[in-house]
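Letter by letter, the chains look like this.
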Amino acid sequence: GSSAYLDHGSRYKVTDLIKTVIVASANDSTVALAEHIAGTESVFVSKMNKVASDLNLENTHFENSTGLPAENHYSSAKDMAKIYGLVCENVLYKKYSKIWTDVFVHPSGRKTNLVNTNRLVRTYDGIEGGKTGYTDKARFCLTASARRGDMRLVGVVIGVDDSKTRFKEMSNLFDYGFSNFKNISLASAESN
């Protein structure tokens, strides 16, 4: 998996670790954050599963904080769309999600180049961000969002054979959504 190459025993700012997760899917930062928040990754994963239950995610169960393959670790496109719809509203996520490349400076002064694996942040009009993934079972995946005007679309692509196709399929989904749907106000707060 991806990594920020954290220095063992060093102290990092939480916001810096969050940035490495958002930009570069840094699994070492994910585990460090889980341990900071809950004491251990396993306790954090229990909290993740509680949130999944509270959100009525019917086809999701976490075994780790990274999303890497594990026995009984799974999700569905529908559940990922629900999760990502909430993530899109997070202030830190919005701040970092469209960064293409960045230099992460460790407390020691050592530098790590971070690269966003979601190339749509450079190429798709209205992209808000997204997370790529790959496992042998799920193949190439992408969960992303795009906004044009007052309409946000969230898309999920799972099981694609190559990285290039996942971006093309997501672009096609967004293009279709923006071309064929629009937001309509059914009522306003003033019309009680």
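Residues numbered from 1 in each chain as written. Predicted model: local features only at pLDDT ≥ 70, side-chain atom pairs only at ≥ 80, totals over all residues. Heavy atoms only, no water.

Q: What should I look at first to understand the overall build of the protein chain in this one?
A: In terms of helices and strands, the protein chain carries seven helices and five strands. Traced from its N-terminal end to its C-terminal end, the protein chain shows the element sequence α-α-α-α-α-β-β-α-β-β-β-α. Whereas a compact globule of 192 residues would reach a radius of gyration of roughly 16 Å, the protein chain reaches 18 Å, a difference of no more than 12%. Over its C-alpha atoms, taken along the principal directions, the protein chain stretches across nearly 55 × 40 × 35 Å. Looking at the 192 residues of the protein chain, the share that counts as buried comes to 36%. Looking at the protein chain alone, contacts between residues at least 24 apart form 45% of all its contacts between residues at least 6 apart. Taking the average place of the 24 positive charges on the side chains of the protein chain and the average place of its 21 negative ones, the gap between the two points comes to 5 Å. (Helix = DSSP H or I, 4+ residues; strand = E, 2+ residues; numbered from the N terminus. Rg over C-alpha atoms; globule rule 2.2 N^0.38 Å. Buried < 20%, exposed > 50% of the residue type's maximum accessible area, 1.4 Å probe, protein only. Contact = heavy atoms within 4.5 Å. Lys, Arg positive; Asp, Glu negative; His and termini not counted. Charge placed at Lys NZ, Arg CZ, Asp CG, Glu CD.)

Q: Which parts of the structure should I look at to understand the packing of helix H2 (residues 27–38) against helix H3 (residues 41–54)?
A: Any two packed helices are characterised by how steeply their axes cross, that is the angle between the axes, and by the distance between the axes. Contact geometry for H2 and H3: axes closest at 8 Å, N-to-C directions at 85 degrees. For the element pair H2 / H3, the angle class is roughly perpendicular. Listed contacts from H3 to Val-31, Ala-34, Glu-35, Ile-37 and Ala-38 of H2 are Glu-41, Val-43, Phe-44 and Lys-47. Tallied by class, the residues present in the contact of H2 with H3 amount to six nonpolar, no polar and three charged. (Axes fitted to C-alpha atoms, helices over the stretch in contact; angles between N-to-C directions. Parallel < 35°, antiparallel > 145°, perpendicular 65-115°, else oblique. Nonpolar A, V, L, I, M, F, W, Y, C, P; charged D, E, K, R; others polar.)

Q: What should I look at first to understand the pairing of strand E5 (residues 151–160) in this one?
A: Side-chain direction in a regular strand flips from residue to residue, so the side chains alternate between the two faces of the sheet. Sheet topology places strand E4 (residues 139–148) next to E5; eight bridges connect them, and they run antiparallel. Counted as the bridge partner of Arg-147 is Arg-152 from E5. (Pairing = 2+ DSSP bridges.)

Q: What am I meant to see in the sheet that holds E5 here?
A: Two strands in a sheet stick together by hydrogen bonds in their backbones, pointing the same way (parallel) or opposite ways (antiparallel). Taken in spatial order, the three strands make up an open sheet running E3-E4-E5, and their pairing is antiparallel. Looking along the sheet, the strands with just one partner apiece sit at the ends: strand E3 (127–135) and E5. Taking the axes of each pair of neighbouring strands and ignoring which way they run, one obtains an average angle of 10 degrees across the sheet. Pairing of E3 with E4, which is carried by eight bridges, proceeds in the antiparallel orientation. Among the inter-strand pairings, Thr-132 is bridged to a residue of E4, identified as Leu-142. Most of the contacts of helix H4 (residues 77–87) go to E5, to which it runs at about 140 degrees, and overall it touches E3, E4 and E5. Helix-sheet contacts for helix H7 (residues 163–180) involve E3, E4 and E5, and the interaxial angle to E5 is about 145 degrees.

Q: Explanation requested: the environment of Cys-88 in the structure shown.
A: Turning to its location among the elements, Cys-88 is positioned in the loop between H4 and helix H5 (91–96). Judged by relative accessible area, Cys-88 falls into the buried class, the value being 3%. For Cys-88 and Gly-129, which are 41 residues apart along the polypeptide, the C-alpha to C-alpha distance reads 8.1 Å. Excluding residues that lie within four positions of it along the chain, Cys-88 makes contacts with Tyr-93, Lys-94, Glu-128, Ser-145 and Arg-152.

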